Amino acid sequence: MAGERTSVPARTALLLALLGGAMWLRMAVGRDPSTGALEWVWPDPAIGALRAGAMWSAVVAGASLGLSGLLLQVLLRNPLASPFVLGLSSGAGLGATLAAWSAGAAGVAGTGGWIAALAATGAIQVLPAMAGALITLGIVLVLGMRRGVIEPVSMVLAGTVVAAICGAITLLVQYAMPPASRADAAIWFMGRVPELPDRAVLIAAIAVLAAAALWSGISARTFDAASVSDEEARSLGVRLVTLRLGMYVAAGATAATSVALCGPIAFVGFVAPHMARLLLGARHGPLVLGSVVAGALVLVVADVVRQALDLGMGRMPVGVLTALVGGPAFLLVLRSSRLAHGSVP
Amino acid sequence: MSLRCSELTYAYARHGDAALAGISAEVKAGTLCAVVGRNGSGKSTMLRLLCGIERPASGQVTWQGLEIGAMREPQRAAICAYVPQRPSLSAAFTVRELVSLGQRAGARGLHSVDSALEAMGISHLAHRPWHRTSEGERVRSVVARALVQCSGRGLLVMDEPFAALDPGECARLMGVLRDVRARGVTVACAIHHLGIASLLADQVIWLDRGRLIGCGAAAGVLDPAALERTFGVPFAEHAGQVLPILPVERS
């Protein structure tokens, strides 16, 4: 055990080093603008600024998704939980799309006053996404419980259907948009890392991530004690209602900011906590930091791979890639876990 | 200095029938009280009310004059440890990690994590994933967690801890509970095995269909004739234990 304990900081450092390497790669990997050939050089300042924008967006969105996934898995005692699978991402996407559509209809850019002030803080993009995420999570929680007991598979099914409904409404709203912005909105809805992130949204996302990660870090030992049954957790002194409310808000808010930044990206929030568990064990102290770093790592690496792949179809949304890799990982966990018996691994 | 319940009533919302009706009893501090009765007689409900993780519909439970159900969770956890009938865990903790959850109650427990593992005979399982242990080993690890949580002069509430244990482990747990009682802890424990109850308990609370039908010293309450009327099988005393005489079916 002593060996395992000392290795947790070492493994966390390894994860951080991997993230550093991936961030460096995201800056260095690109394509020659004239020939289209893959190149591995540190870019000049103009291109460097674009790559840095994409890199920091991927770091913040990935870290937010990793934390959101961990919190949902603890909150619902369900290893399959993640913001994408439970429909939070789609709910946040619907909220953000509705806001963008109504802002477009009202011509926000030209108006002054409070709407412009909201837009400057990023709130006009982030708050509707948060509302969408929290409402979706609320609906899925109600649908996925029987007699006050969470049923992991029912909850995932409910999330999938709610996500499909949110997706359909989002497509409907996009259809109502002017044709010029429709293509942009469609690509955003597949999940893409922006090279020119909205500065206000990026700052809002960093603030939400920092607050949620800090709270989770402080509460990590309580997460440990909340991993037993409700009655045991209460007997161990856990104030379950307060804790769950905190998890619900933190998971919804981090999922929403990642969507406001990069659109609904599939499976990063699912894969990151599992990666962190494999490396760092089951205790939530190391897992909070581990899930944040692993989430950032997964999304930055996915974006590097997307950058390096040229299928001759232009810029591929990174969400396509994460779904292609994360989907099979999800099925693997579904097969190997004890969910068939109603319990979780 | 006692655990006292007065006029406890509890009903599950979906069933309507009272799971417990008008239970009043007192358990002296530093004694061991066995809660006995048929399946579904209200033992588990009674224990959950005693340790405050459920609130009664009416009546109250007090510990040293303070109402247990009205305490905040952290304060209650420092006084009372609970061992459920079917423990569960959603994280992939090792046995040692599960046992160390008992430390978070804050009070200085009777046992350290290592001594609790040793007392329950599961030191060799310390680093095994909890999900890869047997049902009996899981119960022993949750009892060990309660030993870490439980402080001297505190309260230990256990729901059928003997049910999943082999005879050797039953004897070990009896020794642990005697030791805990000797160190001032008050123990309330549901026990189906009336032989164990008659050897271990200072006091017996006997429930039937949610009502109290006997309360007092074990020797007085566990009367073979009364037990036979309730359980439908004869009982006999042997080596200080009240044991059921189960029918032998011959072909």
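Overview of the environment of Val126(A)
Residues and elements named next belong to chain A.
Part 1 of the reasoning: With respect to the secondary-structure elements, Val-126 resides in helix α5 (residues 123–143).
Part 2 of the reasoning: On the basis of relative accessible area, Val-126 is assigned to the buried category, the value being 4%.
Part 3 of the reasoning: Considered as a pair, Val-126 and Leu-309 are 183 residues apart in the sequence and their alpha carbons are 31 Å apart.
Part 4 of the reasoning: If sequence neighbours within four positions are ignored, Val-126 has contacts with Val-201, Ala-204, Thr-257 and Ala-260.

Digging into unusual backbone geometry
Where the residue is not glycine, phi is negative for most of them; where a peptide bond is considered, it is trans in most cases.
Part 1 of the reasoning: For Phe267(A), which is not glycine, the phi torsion reads 70° and is therefore positive.
Part 2 of the reasoning: Within the element layout of this structure, Phe267(A) appears in the loop between α10 (240–262) and α11 (268–280).
Part 3 of the reasoning: A positive phi angle, near 50°, is found at Glu7(B), a position not held by glycine.
Part 4 of the reasoning: Tracing the backbone through its elements, the reader meets Glu7(B) in strand β1 (residues 2–11).

Considerations on the packing of aromatic side chains
All names here are of chain A.
Part 1 of the reasoning: Throughout the structure, instances matching the rule amount to seven aromatic pairs over all chains.
Part 2 of the reasoning: Between Phe-267 and Phe-330 the ring centres are 6.0 Å apart and the planes differ by 50°, which places this aromatic pair in the tilted class. Residue Phe-267 is found in the loop between α10 and α11, and its partner Phe-330 is found in helix α13 (residues 318–336); the two are separated by 63 residues along the sequence. As far as the burial class goes, Phe-267 and Phe-330 line up, both buried.

Describing the side chain of Ser229(A)
Part 1 of the reasoning: Of note, Ser229(A) is situated in the loop between α8 (199–225) and α9 (230–235).
Part 2 of the reasoning: What makes Ser229(A) buried here is its relative accessible area of 14%.
Part 3 of the reasoning: Excluding anything up to four places from it in sequence, Ser229(A) contacts Arg77(A) and Ser88(B).

Calculation rules
Residues numbered from 1 in each chain as written. Chains lettered and ligands numbered in written order. Predicted model: local features only at pLDDT ≥ 70, side-chain atom pairs only at ≥ 80, totals over all residues. Heavy atoms only, no water. Helix = DSSP H or I, 4+ residues; strand = E, 2+ residues; numbered from the N terminus. Buried < 20%, exposed > 50% of the residue type's maximum accessible area, 1.4 Å probe, protein only. Contact = heavy atoms within 4.5 Å. Phe/Tyr/Trp six-rings, centres within 6.5 Å; stacked < 30°, edge-to-face > 60°.

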